[in-house]
Every structure is written in structure tokens, then in C-alpha cells.
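Observations on the model geometry
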There are 2 protein chains.
Amino acid sequence: MAPINENYAKLPGNYLFSTVAQKVEAYRKANPDADIIRLGIGDVTKPLAPAIISALHSAVDEMGKAETFRGYAPDGGYPFLREVIAENDYRAKGCDISPDEIFVSDGAKSDSAHIQEIFGKDARIAVSDPVYPVYVDSNAFAGRCGSYNNEAQRWDRVVYMPCTAENGFSPEPPKEEADLIYICSPNNPTGVAMKKDALQRFVDHANRTGAVILYDAAYEAYIQEDDVPHSIYECEGAGTCAIELRSFSKNAGFTGLRLGFAVIPKALVRGGVSLNAVWSRFQGSSFNGAPYIVQRAGEAVYSPEGKAQLKEQIEGYRANAKILLDGLKSAGYEVYGGVNSPYVWLRTPGGMSSWEFFDRLLEKANIVGTPGSGFGPCGEGYFRLTAFGTPENSVRAMERIAKVRL
Amino acid sequence: MAPINENYAKLPGNYLFSTVAQKVEAYRKANPDADIIRLGIGDVTKPLAPAIISALHSAVDEMGKAETFRGYAPDGGYPFLREVIAENDYRAKGCDISPDEIFVSDGAKSDSAHIQEIFGKDARIAVSDPVYPVYVDSNAFAGRCGSYNNEAQRWDRVVYMPCTAENGFSPEPPKEEADLIYICSPNNPTGVAMKKDALQRFVDHANRTGAVILYDAAYEAYIQEDDVPHSIYECEGAGTCAIELRSFSKNAGFTGLRLGFAVIPKALVRGGVSLNAVWSRFQGSSFNGAPYIVQRAGEAVYSPEGKAQLKEQIEGYRANAKILLDGLKSAGYEVYGGVNSPYVWLRTPGGMSSWEFFDRLLEKANIVGTPGSGFGPCGEGYFRLTAFGTPENSVRAMERIAKVRL
């Protein structure tokens, strides 16, 4: 009898965003005329930039001719893409990262979920709390999280690093033993980015203890403040303790196009084993690369036209973030994030639970957001809104929130 | 100290095709003028069909306009694609498979590698021998294969189901206990497809023992003989014991575009748990879907124009297979496969080892093939050539083989 992965039964509920989608769909069916504004899932709404569309069309044409057709991509991604990434995202910012330390993927979600597979079964994980649910879920599936305590909303073998209003949503290195430390900065969902000195403390901690930091920088393009690093490799010594995960979803609107990459420096070695080599073997055995046409689209992100068009696109989303921040503040909400990030994080009024606020906001204002508790126990009592809607909808959402009492 | 997955150290050598690529690259560097013909990796060479190119361009245009832009795809794939798959690949062939039993992915390699994650750590696997290496490699990474014995070229906890000339390359259900039974038919690398009655014996075996069959039908489009099933669901009772993996790589030339799907019937339940539900949760937490434009390209595969164009494309590859079969036979080789498959499987002459033949064929004829031993212990003494080259190269390769003594 084929045994099912026993950890599946330990997982609480559904994947957060699937649950949100189901609830919204049920509401929509019951209220077909409701004018729902979706500021829930962190999905972009602006069309792909012209430079990217043009690169896609050219690559599609290449695939239609025998002389230029491309089959399986080289392991790790096409050199043309790995090279522009290394140059623009790293060397230009003083980080010594070479193309063969970059592994192109179909997105940071896949990398976030699979990177744990190169580590031992007994590795103990630490996560920012709240944070993007995939880090914990993937480790729970792999059996590293122990048991889930429904009341405490915690796994008993996970080290939670609280990010609350009290510590400015910037975590400190864990006091408990941890082998894998997941950090997302700018953080999803709080919208708060770590300053360089705070991140340096993690790097020093990891180099001292032998832990590996899994640094998710998917929202890097939203960073505006000078003392916030764009890459963990801006911190001294990160090359011997950190893996960085990046995405094209939020800086270039690739949520529906799927492209990301992992950076694993060759200097990152544990127990005599190169993590770059292990990931290379793992990825070579389980993945056949992102589509050629999408890798060409990724290349266009770094072209002069692409850069200019995407700067404008991101400024548009930033303007939405400001609309949300200002609107919520003037409606009396306690609100965070939204400066170095497309996410705005609000405290639910009157000690309401996150899901209760979700239901009320959907029913009374027809606005979809994401309950903070879905991101971890310290997210309870908070709520996430995203700046990825249209400017019109961002304004309309704030008008509604100003009017209703939730 | 972050522990590395201990199973990594147990893996023998590199991923087969990476090793082949490295050897060819080394030879090419040492012999820059060599006119190398690549019949090694199973990669297609014909450009994408016009109907697919046209669908890609249209979808790219949609992504460039706000009204038609698409972000994250729905979990499991777009309904437009899941529906044409269910209709054309299943219902039209009398198999009762519904769209919500189909999970669209970025290719059968990813599915082949990740499907094991929904099963328990102690599940014992059985594999056709020889077979596509990903099934064993992914389970070895997950720690299910025991230790690798270099001399025997076997994992001590894997049940091997021999496919040799003696049994017509058609395996029998394992006599030893096995929870997960991997079958690839038409088989990669032998090029031999299982007849319906032989496959029915596996289905009956699995329903009797509670095992789950993981059926890789990536080469289904090459089936020509009437008594060979296109889907395992043509066998009675397969809905309660089998997962089918499909690919667009070989039927539509998507190796560089990346699209596939897994079929998990809702009736497939083990220990009271629906495998459809577990995979849905797993995929929802670790994957954000194949690109919208690629899913539209997949839809075009089922259009009348797409079908006609792809029929012609596959006939071209089949003609290559015949060139290889005939050429090898007249050169005195013992050769198999190539009828229901793009792969031709030859016995190395004079008891030569597979890798020795690889080296000689590369050096003396400048032809790249794949050593049979890379696919499992029973592949030793065999060698794979693929029909995915151009007709010209297939002819030239056979001319060279006729002339050289290997």
C-alpha cells in the first residue's frame, strides 16, 4: 500500500491564497452585482512593458524558424540572461557574484519551496513572523516543522522571529538554534525592509553558527531608502552564509510569465559540500529551465528601454501605495510598510481577528485583502493590502474605507 | 551548522545528460573542426508549428494590454487548457477524465521529479530498468533508495523490473513488495511500448496490492500500433491506482517552451487520503503555474490546424527513426524500438560497455548518442539514438556508421 506523506495531514487548512480565492468566489456568487476591488493577492495589474513585449515577439519568431529554434535550455539558464543579471543586479552594486552562481528558475515561489530539499531532514528552520507562507509550508511538507499547534498557531519545531510594531517589524537573529534562517526583505506581508546594520547582524550570526540564510529579495525594486540593502551580498561575509532568491514578478510584472533566480555563491560550503554544486545537481535532475522566450523577456528587463519603462511602472505602484497609506491613516488606521514595498500593513481596529476583518471588509466595502494571521502567528490582528491594483481602484478603495465602519 | 541532504553524497556521478554534454563539449574543444551529429539528448529540432507560433504571438499581444493582461494563473492551469486536454486526450479515447483531474505544469520532468513528495518517506519504489533517470534520482534525493552499490550499479532499496531483449523489453509486475511503480511507455530509452494486456497486468497488480503506478506517457504521440494504449486509463481499473504524466515536449516540440501535465483521478485514494487533494495542496504551495502564453500555445496544439501540422511534424521524426532502424540493421547492429517511439535502442557490438561505445562513436564517427547504462543496470551493453535530428543528419549518421568499424 502506497503510504501518503504523513506531513500532509499535519498542515493546517489550505494554502492561504487558495482560501482567500475560495472565499471571494463564494461571496461573488452570492452577490453577483458586487463591485469587488481586489487588493488581496500580490498580483500585478499593469501590462508588460513594451520592451518586454517586443523581446517576446522576437523570441517567438525565432522559435518558428529551424535556424533559430531552441530546445532544452542550458542548465542554470541561458548565459545571455545570467550575465546581465550578474552585471546589473550585483557587480554594478559592488557585489562579487558571477553568472555561474546564478540559477535561473520559473519563479521565486518554486525556488522558495524547493531550496529546502538540499538540506538535511533534521535542519531546524527559523522564519520571520509573519512571512510568506511557502517557507514554512515547504519545510512542513518535508517533515522539518514538528507538529502544528492549532491554538498557538505554531509549529513546535520552528523558530519564529517576531516582527511586530514593537520592534519596528525588523527581526533579530534567533536566540534558539537554527540551521536555516528565512528572511524576506522588503518583507511580505509587513512591507517593512531591513536596514543594512540589522541584516549584517544576521550575516555575522550565520557565519558564527554555520546557519544558512535564505534571503528572499523579491520586492527589491521597491526599495527607496539608502540604508536598506538591495542584496544581502552588500553585507560583509554574506557570500559564505547566504542564498538569495529573486523574482521578476514584482519588478517587471512577470507574475503570469514566470521567471526568477537563485544566487548560490561558490564560497557557500557546509560540511565540506558546495551548496552551489548540490543545487546544480538537484535542479539538473528536476527542472528543464524557464522557457527560452521568457528568458529573452528577462533579458529585456535590463535593456535601457526596459529599465526606463519599468521604473515608470514601479513608480505607478508606489503611488498606489501612497494612496493606501494616506487613505488608511486619515481613516484612523494604524498602518505600516508601503515605503520600500508595495505592501501596506494595517492593525485591525478594536482587536478584531485578521479573518474577521477580512470578512467584514469584503462584506461591507467589497474590498479583498489578506488576513495577517495567514502569514504567521505574529500576523494575527494585522491585515495586508497591496498597491498592485489600479490607481482608480486604490482611490475608490480608500473612499469606501473612509465611509464604512468596520 | 546547516546540514546538507545526506542523500546527495550517495548519488553516483552527475545527471546523465549533463555528463554527456560535458564529454561532448570537451571533445569539441579538442577537435574544433569535427562535424558532430547530435543524436544524444532527446531534444527536438523542428521549429514550433505555425498554429503554435500564431497562438504565442496573440497571447503576447494580450499581455501587452491592460484589458487582456494576465497575472498569476489559476491553480492547476487555465480552464481553457485543462478542458481541451480532457476532451482530446481522454474523453475522445473513452477515458473518463475530467478537467479538475488534470494539473498543468512546466513539463513532465518537473512532475516526474516532484510527484514522489506526496508519498511517505518509506515508500519503496519499483522502476523499469532501463528507464529515464529522474524517477530514481528524485527518490534517491528523498532518501527512499537506500545505498548505491557502485559495482552492481544498483540502489539496494529499489526494485528493478528488467527490460531486456529476452523479455521483449516489456516488464512484468514486480514480485517484491513495491509501493510506487514507475513505468514509462513508450519507454525511454528502449523505444519499446507496452501492449495493453501487459499494462493491464500492472493495473490489476496495483489494485490488488495498493501500489500506485506513476505512468509516464511522454512519447504517446509516437504510438502507431493498435494494441498499444495511449493512456493507462484505457486499462480497466486504472482510475483507482494510476497517475499519468504527459508532456508537450515530444508531441509538439515544446522542449524549450516547457509544458506538461499530471492526471490524478479523484478515485485514487490511499489510506483514506485523495491523492488529487494532496497534489493540489503541494502544487499550490510550490508552483505558480506555467506561463499564460505557453498555456495558450498548448491550447493551439489541439486546434484543427495544430493537429494537422503536428501530425506532419511527428511523421517527419518517425521517418528519421526508420532511417536509423534500417541503417543500423544493414550495418549489422542488433536494434530495437523506433516503431512506437522516437528512440532506437541498439546492442553494443562485441560486448562493449555503453560508455566505451559512446566514446568510440564520438571519436570515430563524431556522433553523439546516449549510453544505455546511464538509464539503469539493465541498460549496460545498449545504446540509445534519437530520431529528433534532421533527416539529413539521420542519413549522414547512418552513412558514417556503415563505414566505420566500432
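Residues numbered from 1 in each chain as written. Chains lettered and ligands numbered in written order. Predicted model: local features only at pLDDT ≥ 70, side-chain atom pairs only at ≥ 80, totals over all residues. Heavy atoms only, no water.

**Points about the overall build of chain A**
Secondary structure assignment for chain A yields twelve helices and 17 strands. Over its C-alpha atoms chain A spans a radius of gyration of 21 Å, differing by no more than 12% from the 22 Å that the globule rule assigns to 406 residues. Every one of the 406 residues in chain A was classed for burial, and the buried ones make up 64%. Considering only contacts within chain A whose residues lie at least 6 apart along the sequence, 74% involve residues at least 24 apart. Summed over its atoms, the accessible surface of chain A is roughly 14,100 Å², and 49% of this surface lies on carbon and sulfur atoms. With 42 positive and 50 negative side-chain charges, chain A shows a spacing of 3 Å between the two charge centroids. (Helix = DSSP H or I, 4+ residues; strand = E, 2+ residues; numbered from the N terminus. Rg over C-alpha atoms; globule rule 2.2 N^0.38 Å. Buried < 20%, exposed > 50% of the residue type's maximum accessible area, 1.4 Å probe, protein only. Contact = heavy atoms within 4.5 Å. Areas by Shrake-Rupley, 256 points an atom, 1.4 Å probe, with all protein chains shown as cover. Lys, Arg positive; Asp, Glu negative; His and termini not counted. Charge placed at Lys NZ, Arg CZ, Asp CG, Glu CD.)

**Focus on the sheet that holds strand 3 (residues 125-129) of chain B**
Paired through their backbone hydrogen bonds, the strands of a sheet run either parallel or antiparallel. Residues and elements named next belong to chain B. Taken together, the seven strands give an open sheet; going across it, the order is 2-10-9-8-7-3-6, and neighbouring strands pair in mixed fashion. Unpaired on one side and paired on the other, strand 2 (102-105) and strand 6 (159-162) mark the two borders of the sheet. Taken pair by pair, the neighbouring strands of this sheet meet at an average axis angle of 20°, ignoring direction. Relative to strand 8 (residues 212-216), strand 7 (residues 180-184) runs parallel, the two being bridged by five bridges. The partner of I181 across the bridge, within strand 8, is I213. (Pairing = 2+ DSSP bridges. Axes fitted to C-alpha atoms, helices over the stretch in contact; angles between N-to-C directions.)

**Some remarks on the relation of the copies chain A and chain B**
After a rotation of 180° and a shift along the axis of 0.0 Å, chain A superposes on chain B with an RMSD of 0.0 Å. Taken together, these values place the two copies in the relation of a two-fold axis. Minimal C-alpha distance to the rotation axis in chain A is attained by H57 of chain A, lying at 3.1 Å. (Least-squares fit on C-alpha atoms with pLDDT ≥ 70 in both.)

**Considering the packing of aromatic side chains**
Aromatic ring pairs are defined here through the distance separating the ring centres and the angle between the ring planes. With the rule as written, the count across this model stands at 51 aromatic pairs over all chains. Ring centres of Y148 of chain A and W155 of chain A lie 5.2 Å apart, and the angle between their planes is 65°; on these two criteria the pair is classed as edge-to-face. Since its relative accessible area comes to 23%, Y148 of chain A is described here as partly exposed. On the basis of an interplanar angle of 75° and a centroid distance of 6.3 Å, the ring pair of Y333 of chain B and F357 of chain B is categorised as edge-to-face. One end of the pair, Y333 of chain B, is in the loop between helix 10 (304-330) and strand 13 (335-337); the other, F357 of chain B, is in helix 11 (residues 354-365), with 24 residues separating them in the sequence. Like Y333 of chain B, the residue F357 of chain B is buried in the burial classification. (Phe/Tyr/Trp six-rings, centres within 6.5 Å; stacked < 30°, edge-to-face > 60°.)

**Quick notes on the pattern of salt bridges**
Note that side chains of opposite charge can pair when their charged atoms are close. Across all of its chains, the model carries 40 salt bridges over all chains by this definition. The shortest N-O distance in the salt bridge between E166 of chain A and R347 of chain A comes to 3.7 Å. Linking E166 of chain A in the loop between strand 6 (159-162) and strand 7 (180-184) with R347 of chain A in strand 14 (residues 343-347), this pair joins segments that are 181 residues apart in sequence. Ionic pairing is found between R396 of chain B and D35 of chain B, a salt bridge with its closest N-O pair at 2.1 Å. With a gap of 361 residues between them, R396 of chain B in helix 12 (residues 391-403) and D35 of chain B in the loop between helix 1 (16-30) and strand 1 (37-38) connect regions that are remote in the sequence. Take R396 of chain B: its relative accessible area is 28%, and that puts it in the partly exposed class. In the salt-bridge network here, residues are joined through shared partners; they are D89, K93, E220, E244 and R246 of chain A. (Salt bridge = Lys/Arg side-chain N within 4 Å of Asp/Glu carboxyl O.)

**Examining the nonpolar core**
Formed by 144 residues in total, the largest nonpolar core has its most connected members in F119, I243 and L385 of chain A together with F119, I243 and L385 of chain B. Counting residues in each nonpolar core, the second largest holds 136 residues, with Y222 and F388 of chain A together with A49 and A217 of chain B among its members. (Core = buried A, V, L, I, M, F, W, Y, C linked by side-chain atoms within 4.5 Å.)

**Some words on the interface of chain A and chain B**
Taken residue by residue, the interface counts 79 residues in chain A and 79 residues in chain B. Across the chain A/chain B interface, buried area totals approximately 6,500 Å², and carbon plus sulfur atoms make up 61% of it. Summed over the shared surface of chain A and chain B, the result is two salt bridges. For D137 of chain B, the salt bridge identified is with R281 of chain A, shortest N-O distance 3.7 Å. Counting residues per element, the ones that place at least two in the side of chain A that touches chain B are helix 2 (50-63), helix 4 (108-114), helix 5 (134-141), helix 8 (275-286) and helix 9 (292-301) of chain A. Element by element, the count of residues in the side of chain A that touches chain B is highest for helix 8 of chain A, at eight residues. (Buried area = accessible area lost by both parts, 1.4 Å probe.)

**As for the pairing of strand 7 of chain A**
Residue and element names in this part refer to chain A. Counting buried positions over the five residues of strand 7 gives five, a clear majority of the element. Burial along strand 7 is two-sided: the face carrying L180, Y182 and C184 and the face carrying I181 and I183 are both buried. Here three bridges tie strand 3 (residues 125-129) to strand 7, and the two strands are oriented parallel to one another. Directly across from I125, in strand 7, lies its bridge partner L180. Each parallel crossover has a hand, and the one from strand 7 via helix 6 (residues 196-209) to strand 8 (residues 212-216) is right-handed. (Right-handed = clockwise from strand over helix to strand, strands pointing away.)

**Focus: the packing of helix 2 (residues 50-63) of chain B against helix 9 (residues 292-300) of chain B**
Residue and element names in this part refer to chain B. Their axes nearest at 8 Å, the elements helix 2 and helix 9 cross at an angle of 145°. Along this stretch, helix 2 crosses helix 9, giving a crossing that reads as right-handed. Here A51, I52, A55, L56, A59, V60, E62 and M63 of helix 2 lie close against helix 9, whose contacting residues are Y292, I293, R296, A297 and A300. For the contact of helix 2 with helix 9, the class distribution of residues is eleven nonpolar, no polar and two charged. (Left-handed = near helix turned anticlockwise from the far one by under 90°. Nonpolar A, V, L, I, M, F, W, Y, C, P; charged D, E, K, R; others polar.)

**Side note on the environment of D156 of chain B**
Tracing the backbone through its elements, the reader meets D156 of chain B in the loop between strand 5 (154-155) and strand 6. Separated by eleven residues in the primary sequence, D156 of chain B and C145 of chain B have C-alpha atoms spaced 6.7 Å apart.

**What about the sheet that holds strand 17 (residues 382-386) of chain B?**
Residue and element names in this part refer to chain B. The four strands are arranged 13-14-17-16 in an open sheet whose pairing can be described as antiparallel. This sheet does not close on itself; its edge strands, each paired only once, are strand 13 and strand 16 (370-371). Pairing geometry for strand 16 and strand 17, over two bridges, is antiparallel. Paired with T370 across the strands is R384, a residue of strand 17. Each of strand 14 (343-347), strand 16 and strand 17 is contacted by helix 11, which is oriented at about 45° to strand 17, the strand it contacts most.

**Considering the pairing of strand 3 of chain A**
Two faces, one strand: in a regular strand the side chains alternate between the faces of the sheet. Residues and elements named next belong to chain A. Here strand 3 lies mainly inside the structure; five of its five residues are buried. As defined by bridge partners, strand 3 adjoins strand 6 across four bridges and the pair is classed as parallel. In the strand pairing of strand 6, A126 is matched with V159.

**Points about the environment of G376 of chain B**
Residue and element names in this part refer to chain B. Residue position: G376 is located in the loop between strand 16 and strand 17. The spatial distance from the C-alpha of G376 to the C-alpha of A140 is 14 Å, given a sequence separation of 236 residues. With residues near it in sequence (within four places) discarded, G376 still touches D129 and P130.

**Brief notes about the confidence of the model for chain A**
Per-residue confidence for chain A gives a mean pLDDT of 96; residues scoring 70 or more make up 100%. What the predictor reports for the complex is a pTM of 0.96 with an ipTM of 0.96. (pLDDT = per-residue confidence, 0-100.)

**Focus on helix 1 of chain B**
For an α-helix the count is 3.6 residues per turn, leaving residues at separations of three or four pointing the same way. In a regular helix each residue adds 1.5 Å, so 15 residues correspond to 21 Å; helix 1 of chain B covers 22 Å between its end C-alpha atoms and thus fits that length. Residues of helix 1 of chain B that are buried sit in contact with strand 1, helix 11, strand 15 (367-368), strand 16 and strand 17 of chain B. (Expected span 1.5 Å × (residues − 1).)

**Notes on the environment of K311 of chain B**
Residue placement: K311 of chain B occurs in helix 10. The spacing of K311 of chain B and N251 of chain B is 60 residues in sequence and 8.7 Å in space, taken between C-alpha atoms.

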